[in-house]
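Residues per chain are reported as follows:
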Amino acid sequence: SIGEYAFSGCHKLAIITVDAGNQTFDSRDGCNAIIRKADNTLVAGCKHTVIPNSVQSIGKDAFNSNAGLTSITIPNSVTSIGAMAFMQCDGLRSVTIGSGGTSIGDRAFVSCNALESVTLNGVATIGTMAFDTYVSLTTVTIAEGLILYNGTELLSGAITDMSKLNGKTLLRCYSVTLPEHVTASGTTGVLNDIIYALLDATVTISAATGYTISNIAVNGTPISGNSFTMPGDNVTVTAIEDRKSVV
């Protein structure tokens, strides 16, 4: 077994190699890290670690106090980053988190005082103080085209208020494009004049005042009734619109 903090403070450690005959751990793809085979968890890394796409989680304290690490890219395969995984990585300047629905543990990047850039490419649960207490970090960037919902509001672009992220569950939203005289309920909100809804939300279509609608279709597929379940994609609603006759 390899315990917590096994390589903590080893700032100059650059190469990690696990013997090919080891039944428990490996350092696949020349990644310069130790990965537990049973659950594809990276348990220890160094300043030259490149996380393979097969890794599913980064263990608690895996890079703790590794001042030699300057940047890290979390691949799409990773679904969780353990508590304090990158704590006190004093040389860490940039972090890119993939689109794999990553859960970020409490204090995962706490006291990374050189950290300047964090980019989120997917949905995430962000633990307490995950993006707190930094000297250099002023902005967390949500990747272009990605809209997230933090339970209160829609988020996109550059986030400068860390209270909108820390301790929040971030869910991806998808756009709903409507005909001119059609409204929708069950959506999450509006951002830059575009309506968004969450995956699996029940969206109900209605005609605007003074109009009737028929032949409703979602992304070209007719629906029965006036409600549909939001897929994991942007949708365009079409319908035949008629002005009500005035008697």
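Residues numbered from 1 in each chain as written. Predicted model: local features only at pLDDT ≥ 70, side-chain atom pairs only at ≥ 80, totals over all residues. Heavy atoms only, no water.

Draft legend 1. The nonpolar core, seen in detail. Membership of the largest hydrophobic core comes to 41 residues, with the highest contact counts inside it found for I58, I81, F86, L92, I104, F109 and F131. Elements with a minimum of two residues in this core: β2 (33-36), β5 (71-74), β7 (94-97), β9 (117-120), β10 (124-126) and β11 (140-142). When neighbours within four sequence positions are excluded, I81 is seen to be in contact with I58, I74, F86, I97, T102, S103, I104, G105, A108 and F109. By size, the runner-up hydrophobic cluster in this structure holds 14 residues, among which are Y174, I205, F228 and V237. (Core = buried A, V, L, I, M, F, W, Y, C linked by side-chain atoms within 4.5 Å. Buried < 20%, exposed > 50% of the residue type's maximum accessible area, 1.4 Å probe, protein only. Helix = DSSP H or I, 4+ residues; strand = E, 2+ residues; numbered from the N terminus. Contact = heavy atoms within 4.5 Å.)

Draft legend 2. Summary view of the pairing of strand β15 (residues 169-177). Note that β10 and β15 share two bridges and pair antiparallel. Paired with A124 across the bridge in β15 is L170. Bridging between strand β12 (residues 147-149) and β15 involves three bridges; their strand directions are antiparallel. Looking at β15, one finds that I147 is bridged to C173. In the sheet, β15 pairs with strand β18 (residues 194-198) via four bridges, with the strands oriented antiparallel. Looking across to β18, one finds that S175 is bridged to Y196. Sheet topology note: the β15/strand β23 (residues 235-243) ladder contains two bridges and is parallel. From the neighbouring strand, T177 faces β23, where its bridge partner is T236. (Pairing = 2+ DSSP bridges.)

Draft legend 3. Seen up close, the sheet that holds strand β22 (residues 227-229). A sheet is described by the order of its strands in space; here three strands give the open sequence β16-β19-β22, paired in antiparallel fashion. In this open sheet, the two edge strands, each paired with only one partner strand, are β16 (182-185) and β22. Sheet twist, expressed as the average angle between the axes of neighbouring strands with direction ignored, equals 30°. The pairing of β16 with strand β19 (residues 202-207) spans four bridges and is antiparallel. Residue pairing across strands places V182 opposite A207, the latter belonging to β19. (Axes fitted to C-alpha atoms, helices over the stretch in contact; angles between N-to-C directions.)

By themselves, these observations are geometric and do not establish any function.
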